[in-house]
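Coordinate inspection notes
So you can see what is in the structure, the chains are spelled out below.
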Amino acid sequence: KAGVTQTPRYLIKTRGQQVTLSCSPISGHRSVSWYQQTPGQGLQFLFEYFSETQRNKGNFPGRFSGRQFSNSRSEMNVSTLELGDSALYLCASSSTGGVEKLFFGSGTQLSVL
Amino acid sequence: AQRVTQPEKLLSVFKGAPVELKCNYSYSGSPELFWYVQYSRQRLQLLLRHISRESIKGFTADLNKGETSFHLKKPFAQEEDSAMYYCALSSLQGGKLIFGQGTELSVKP
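Let us look at the structure shown here. (Residues numbered from 1 in each chain as written. Chains lettered and ligands numbered in written order. Predicted model: local features only at pLDDT ≥ 70, side-chain atom pairs only at ≥ 80, totals over all residues. Heavy atoms only, no water.)

**Regarding the nonpolar core**
Condition: Residues enter a nonpolar core if they are buried and are Ala, Val, Leu, Ile, Met, Phe, Trp, Tyr or Cys, with the set joined through side-chain atoms within 4.5 Å. Exposed residues in this analysis have more than 50% of their type's maximum accessible area, buried residues have under 20%, and partly exposed residues fall in between, with area computed by a 1.4 Å probe over protein chains only. Working definition: helices are DSSP H or I runs of at least four residues, strands are E runs of at least two. Numbering for both runs from the N terminus. We call two residues in contact whenever any of their non-hydrogen atoms come within 4.5 Å of each other.
Judged by nonpolar contacts, the single largest core of 26 residues is most densely connected at Trp-35, Leu-72 and Tyr-85 of chain B. Those elements giving two or more residues to this core turn out to be strand 2 (10-14), strand 3 (19-21), strand 5 (33-38), strand 6 (45-49), strand 9 (83-90) and strand 11 (103-108) of chain B. Per-element tally for this core: the top contributor is strand 9 of chain B, with four residues. When sequence neighbours within four positions are dropped, the list of residues in contact with Leu-72 of chain B reads Val-19, Glu-20, Leu-21, Trp-35, Leu-47, Leu-48, Phe-59, Thr-60, Ala-61 and Tyr-85 of chain B. Judged by nonpolar contacts, the second largest core, of 21 residues, contains Cys-23, Ile-26, Leu-46 and Ala-87 of chain A.

So, in structure tokens, the structure goes:
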């Protein structure tokens, strides 16, 4: 089985731009969650989707949004980028919809200049 | 507030020495705790869950509700154990994990 796939691996953007990151879960997994990883704040939960519905959202501003498609693929969007948005964005999928076992992707490294 | 604390950023031991990576949590209710590991240039992956009470790669972790701890232990460290270790708590809200800041374990030959 292919693992969780995130594209692109690296992104460089400038302040004020917007960005879209993509995540393809393991086949058959219907839950996708997103985490932001920074050296200062560590791993922080962004949101979680199950069967195209956002079930849970972390404490991030409204500039961070996401969606999930009928094939379970998910995208997250960050609008009006700020320097502090520079981070590794990780996507994880789960077969159960819970957190009993999350499978993580390699992440997208976003640099905001 | 739900929180996970890993007090050590870096833990360095010699091969064959015992290892204990500390994790403390704050949570109201019955927590569900995990250890995740990230080896160099690899993905973050689940190491073990407290509910499984299993030993993975020689590691064990016992949930101590009195001390609100979930320390990860291994009696004899190996060089291949060198990695970042994250303790995580399943949120009351469900569907999300609250991670500690991580501890880098370095096992020297």
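Having seen the model, we can carry on.
**Regarding unusual backbone geometry**
Trans peptide bonds make up the majority, and among non-glycine residues the majority have a negative phi. For the bond from Thr-7 of chain A to Pro-8 of chain A, the omega torsion is -10°, close enough to zero to count as cis. Mapped onto the fold, Pro-8 of chain A is located in the loop between strand 1 (5-7) and strand 2 (10-13). One non-glycine residue, Thr-80 of chain A, adopts positive backbone phi at about 45°. Considering the arrangement of structural elements, one finds Thr-80 of chain A in the loop between strand 8 (74-78) and strand 9 (87-94). Even without glycine at this site, Arg-41 of chain B takes up a positive phi of about 65°. Checked against the element boundaries, Arg-41 of chain B lands in the loop between strand 5 and strand 6.

**Overview of the interface of chain A and chain B**
Applicable threshold: Buried area: the sum, over both parts, of the accessible surface (1.4 Å probe) that disappears when the two are put together. When a carboxyl oxygen of Asp or Glu is within 4 Å of a side-chain nitrogen of Lys or Arg, the pair counts as a salt bridge. Any residue outside Ala, Val, Leu, Ile, Met, Phe, Trp, Tyr, Cys, Pro, Asp, Glu, Lys and Arg is labelled polar, Gly included; the first ten of those are nonpolar and the last four are charged.
Each partner contributes residues to the interface: chain A has 18 residues there, and chain B has 17 residues. Among the residues chain A hides against chain B, the three largest losses belong to Leu-43, Val-99 and Phe-104 of chain A. Together they make up 36% of the total. Between the two partners, chain A and chain B, sit zero salt bridges. Elements supplying a minimum of two residues to the side of chain A that touches chain B: strand 4 (31-38) and strand 5 (42-50) of chain A. Here the side of chain A that touches chain B takes four residues from strand 5 of chain A, the largest share from any one element. In terms of residue class, the side of chain A that touches chain B is made up of seven nonpolar, eight polar and three charged.

**Topic: the side chain of Arg-49 of chain B**
Where we set the bar: Here a polar contact is recorded for every N or O atom pair within 3.5 Å, except that within protein the pair must consist of a potential hydrogen donor and a potential acceptor, and residues adjacent in sequence are included only if both atoms are side-chain atoms.
Among the structural elements, Arg-49 of chain B can be located in strand 6. The class of Arg-49 of chain B is buried, set by a relative accessible area of 19%. Of the polar contacts made by the side chain of Arg-49 of chain B, one reaches the side chain of Glu-32 of chain B; its length is 3.0 Å. Residues contacting Arg-49 of chain B, with those up to four places away along its chain left out, are Glu-100 of chain A together with Glu-32, Leu-33, Phe-34 and Phe-70 of chain B.

**Overview of the state of the cysteines**
For clarity, the threshold we go by: Working definition: a disulfide is two cysteine sulfur atoms within 2.5 Å of each other.
Enumeration according to the criterion identifies two disulfides over all chains in this entry. The disulfide partner of Cys-23 of chain A is Cys-91 of chain A, and the S-S distance across this bridge is 1.7 Å. Sign of the S-S torsion, about -55° for the bond between Cys-23 of chain A and Cys-91 of chain A, identifies this disulfide as left-handed. Note that Cys-23 of chain A is positioned in strand 3 (residues 19-24) and Cys-91 of chain A in strand 9, a separation of 68 residues in sequence. The class for Cys-91 of chain A is buried, based on a relative accessible area of 0%. One disulfide bridge connects Cys-23 of chain B with Cys-87 of chain B, the sulfur atoms lying 2.0 Å from each other. Measuring the twist about the S-S bond at about -65°, one finds the Cys-23 of chain B-Cys-87 of chain B disulfide to be left-handed.

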